[in-house]
Amino acid sequence: MEFRDLKKQYQALKPQIDAAMQTICANATFIGGAPVKELEEQLAADVGRKHCITCANGTDALQLAEMAYGIESGDAVFVPDFTFFSTAETVASLGATPIFVDVDEETFNMDPKKLEQAICRVKQEGKLKAKAIVAVDLFGLPADFETIEQIAKREGLVVVEDGAQGFGGMLNGKRACSFGDIATTSFFPAKPLGGYGDGGAIFTDDDEIAALLRSLCVHGKNGQDKYDNIRLGMNSRLDSLQAAILKIKLDAFAKTELDAVNQAAAWYNEALAGIDAALPVVPKGFYSSWAQYTLRFETKEKRDAAQAALKAAGIPSMIYYGRAMHQQGVFSDMPYSGTCPVTERLCQTVLSLPMHPYLQHEDVLSVAKVLKEINK
Ligand SMILES: *Cc1c(COP(=O)(O)O)cnc(C)c1O
């Protein structure tokens, strides 16, 4: 069994993907061109946002979004303590200070109450300017954007949605990557919508920010002229090959894969009912794209025993994440909002199971069999 079976996906989509790659090679337009433009238009329409600007990866997407809002030294940017490194890395790379906010134990996402406390502390201290919130759609479940956006409005903060794992998710009928002032995603192969290499995208409704991002992606170019550079930017573009592949994958994602992965989650929920671990929670009004299906055990010992039993049965599992942001070596001297006990506990007790749209019911049953037999 594969943790995320990209080979099976390729077999399902092979004729279209092979043909698309051959067309790109025959036309020899490897950067930009029609596939990139068409993918951006399709993505913006699907998500429900005016502009989509593709770029080289999800980390660049975050950094470009943060650059577009002028995030810089002296700014405090609130990020979840339980996330992939890029969320905090990009903030710190721009010279700003990431403030680590604890998460909700059940949803794994930024806890709005802890966010309010962290903002309050930064404002009281008065050393940094409270500037922005980067909220993550962890494991495919949108963050609580209705509450987070209210807090941001009241406090005058920019909201960035890090939808690297969230593409396809929904909150009260609104799609992931349509939240906040600006949203980003990643097309890393293992993400809900993955390419055959690196890729990323930024979503905004703001015409000026969109134009600024088009410039920042190509060395700070002036309008269409890339040899007239009016600001410092990056070299961050999506390849034509990736765009052509992603167009086919996006179609499959919308037509079958998003439903299939939700079916797999329902199979897990049914087969794992009653095991000695908490199953993932999708609150009312939320819809997940299941980047991960993640269990919570009572203790590290129980988690590690479950992982060992799965391994012995030839079933892969992963620990996302084993280390909190505030525990990362590079951030050891950063101030953070007190301790983050929930994140610290999750790092000891979470375990993600094989999850992808091509998972079969019998795969789910064999995973469940192992987990049910541990305590017998
Ligand atoms: C994967 C990921 C990123 C970075 O995406 P890349 O394309 O790998 O650069 C950022 N944030 C989160 C939450 C991620 O999971």
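Just above sits the structure.
A short tour of the structure in this document, coming up. If you're wondering where the values come from, they're calculated on a predicted model, not measured in any experiment.

## Points about the environment of D304
- As for its position among the elements, D304 is in helix α9 (residues 300–312).
- For the pair D304 and Q348, spaced 44 residues apart in sequence, the C-alpha separation works out to 8.9 Å.
- Polar side-chain contacts of D304 include one of 2.8 Å to the side chain of R303.

## A word on the pairing of strand β5 (residues 158–162)
- The element β5 is extensively covered by neighbouring structure, given that 5 of its 5 residues are classed as buried.
- Going residue by residue along β5, you find V158, V160 and D162 tucked away on one face and V159 and E161 tucked away on the opposite face as well.
- Traced from strand β4 (residues 129–136) through helix α6 (residues 145–155) to β5, the parallel crossover comes out right-handed.
- Bridge count between β5 and strand β8 (residues 182–186): 3 bridges; the pairing is parallel. By the bridge assignment, V160 is partnered in β8 with I182.

## So, the packing of helix α2 (residues 34–47) against helix α8 (residues 240–272)
- Axis separation between α2 and α8 bottoms out at 8 Å; the angle between their running directions is 40 degrees. The orientation of α2 relative to α8 falls into the category oblique. The hand of the α2/α8 crossing is left-handed. Contacts between α2 and α8 involve P35, V36, E38, L39, Q42, L43 and D46 from the first element and S240, A243, A244, L246, K247 and L250 from the second.

## Let's talk about the layout of surface pockets
- Computed from the structure, the largest pocket encloses a volume of approximately 710 Å³.
- E40, I53, R214, V218 and K221 are, among the 30 residues lining the largest pocket, the residues nearest its centre.
- Ranked by residue count, the leading element in the lining of the largest pocket is helix α7 (residues 207–217), at 7 residues.
- Among the residues forming the lining of the largest pocket, the class breakdown is 12 nonpolar, 8 polar and 10 charged.
- Approximately 510 Å³ is the volume found for the second largest pocket.

Analysis parameters
- Residues numbered from 1 in each chain as written.
- Predicted model: local features only at pLDDT ≥ 70, side-chain atom pairs only at ≥ 80, totals over all residues.
- Heavy atoms only, no water.
- Helix = DSSP H or I, 4+ residues; strand = E, 2+ residues; numbered from the N terminus.
- Polar contact = N/O pair within 3.5 Å; in protein donor to acceptor, adjacent residues only side chain to side chain.
- Buried < 20%, exposed > 50% of the residue type's maximum accessible area, 1.4 Å probe, protein only.
- Right-handed = clockwise from strand over helix to strand, strands pointing away.
- Pairing = 2+ DSSP bridges.
- Axes fitted to C-alpha atoms, helices over the stretch in contact; angles between N-to-C directions.
- Parallel < 35°, antiparallel > 145°, perpendicular 65-115°, else oblique.
- Left-handed = near helix turned anticlockwise from the far one by under 90°.
- Contact = heavy atoms within 4.5 Å.
- 1 Å grid on protein atoms, 1.4 Å probe; cavity = no way out; pocket = protein on both sides within 12 Å on 5 of 7 lines; lining within 4 Å.
- Points joined across faces, edges and corners; volume = space filled by probe spheres on them.
- Nonpolar A, V, L, I, M, F, W, Y, C, P; charged D, E, K, R; others polar.

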